[in-house]
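If you want the building blocks of each chain, they are given just below.
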Amino acid sequence: MSKEQEPEEFYRKLKSQLLDTTDWPAIYLFKFIVPTDKEKIRDVEDIFDNLGAVINTKQSKKGKYTSVSVNVRMKSPDTVIEKYKEVGQKIEGVISL
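These numbers come from a predicted model, not from an experiment.

Comments concerning the overall build of the chain
Then, number 1: Looking only at helices and strands, one finds 3 helices and 4 strands in the chain.
Then, number 2: Secondary structure of the chain in N-to-C order comes out as α-β-α-β-β-α-β.
Then, number 3: With the principal axes as the frame, the chain shows a C-alpha extent of 40 × 35 × 20 Å.
Then, number 4: Among the 97 residues that make up the chain, the fraction classed as buried is 29%.
Then, number 5: The contacts of the chain with a sequence gap of at least 6 include a subset with a gap of at least 24, amounting to 67%.
Then, number 6: As displayed, the chain has an accessible area near 6700 Å², and 48% of this comes from carbon and sulfur atoms.
Then, number 7: Charge separation in the chain, taken as the distance between the mean sites of 17 positive and 16 negative side-chain charges, equals 6 Å.

Here you go:
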């Protein structure tokens, strides 16, 4: 999300795109870039715990960041946006892709 774009505007556009392009419920792929810190990575995993998510992590070449991909069945665009917001609020330094 660009710095100039207001978060609510970003989420409104995302919801519209998700409604237009996907039949819900659906498998959704979340991608996050997290500063490499076991606790922060575990926090992302915990947010998706008990949802049947498939989570993959990959460290950057220099090891400073870790990519966290989460494949999970979501009920609606609103539930996708709720998860993005939850990750953004709970985990400092995370980048949502």
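Remarks on the sheet that holds strand β4 (residues 95-96)
Then, number 1: Within the open sheet, the 4 strands sit side by side as β2-β3-β1-β4. Their pairing is antiparallel. Bordering the open sheet on either side are β2 (54-59) and β4, each of which pairs with just one other strand.
Then, number 2: Sheet topology places β2 next to strand β3 (residues 65-74); 6 bridges connect them, and they run antiparallel. If you follow asparagine 56 over to β3, its bridge partner there is serine 69.
Then, number 3: Docked against the sheet, helix α3 (residues 77-90) engages β1 (26-35), β3 and β4, running at close to 10° with respect to β1.

A word on the nonpolar core
Then, number 1: Ranked by internal contacts, the top residues of the largest apolar core, which has 21 residues, are Tyr28, Phe30, Phe32, Val34, Phe48 and Tyr84.
Then, number 2: Of all the secondary structure elements, the ones that give two or more residues to this core are α1 (7-21), β1, α2 (38-47), β3 and α3.
Then, number 3: In contact with phenylalanine 32, not counting residues within four places along its chain, are Val44, Phe48, Thr66, Ser67, Val68, Val70, Tyr84, Val87, Val94, Ile95 and Ser96.

Some points on the pattern of salt bridges
Then, number 1: On inspection of all chains with the given rule, the structure shows 6 salt bridges.
Then, number 2: Arginine 12 serves as the salt-bridge partner of glutamate 9, at 2.7 Å between the closest nitrogen and oxygen. Residue glutamate 9 and its partner arginine 12 are both found in helix α1; the two are separated by 3 residues, about one turn of the helix.
Then, number 3: Note that glutamate 9 is salt-bridged to lysine 13, the shortest N-O span being 3.9 Å.

Observations concerning the pairing of β1
Each regular strand carries side chains that alternate between the two faces of the sheet.
Then, number 1: The alternating pattern of β1 places Ala26, Tyr28, Phe30, Phe32 and Val34 on a buried face and Ile27, Leu29, Lys31, Ile33 and Pro35 on a face that is not buried.
Then, number 2: Pairing of β1 with β3, which is carried by 10 bridges, proceeds in the antiparallel orientation. Following the sheet pairing, proline 35 is matched in β3 by tyrosine 65.
Then, number 3: Taken together, the 2 bridges between β1 and β4 define a ladder with antiparallel strand orientation. Directly across from isoleucine 33, in β4, lies its bridge partner isoleucine 95.

About the cut-offs
Within each chain, residues carry numbers counting from 1 in the order of the written sequence. Whole-chain, interface and lining totals are the exception, using all residues; otherwise, since this is a predicted model, local features are given only for residues with pLDDT of at least 70 and side-chain atom pairs are given and counted only at 80 or more. To get the side-chain values, all heavy atoms of the structure are used, and hydrogens and water are removed first. Secondary structure elements follow DSSP: runs of H or I no shorter than four residues count as helices, runs of E no shorter than two count as strands, and numbering proceeds from the N terminus. Remark: exposure states derive from per-residue accessible area (1.4 Å probe, protein chains only) relative to the maximum for the residue type, with buried under 20%, exposed over 50%, and partly exposed in between. The contact criterion used throughout is that any non-hydrogen atoms of two residues lie within 4.5 Å. For the accessible areas, the method is Shrake-Rupley and the probe is 1.4 Å, while residue cover comes only from the protein chains on display. Here the positive residues are Lys and Arg and the negative ones are Asp and Glu; neither His nor the chain ends is included. One atom stands in for each charge, and that atom is NZ of Lys, CZ of Arg, CG of Asp or CD of Glu. Only strands that DSSP links by at least two bridges are regarded as paired with each other. Comment: axis = line fitted to C-alpha atoms, over the contacting stretch for helices; angle = value between 0 and 180 degrees taken between N-to-C directions. Residues belong to a common nonpolar core when they are buried Ala, Val, Leu, Ile, Met, Phe, Trp, Tyr or Cys residues joined through side-chain atoms within 4.5 Å. Criterion for a salt bridge: a side-chain nitrogen of Lys or Arg within 4 Å of a carboxyl oxygen of Asp or Glu.

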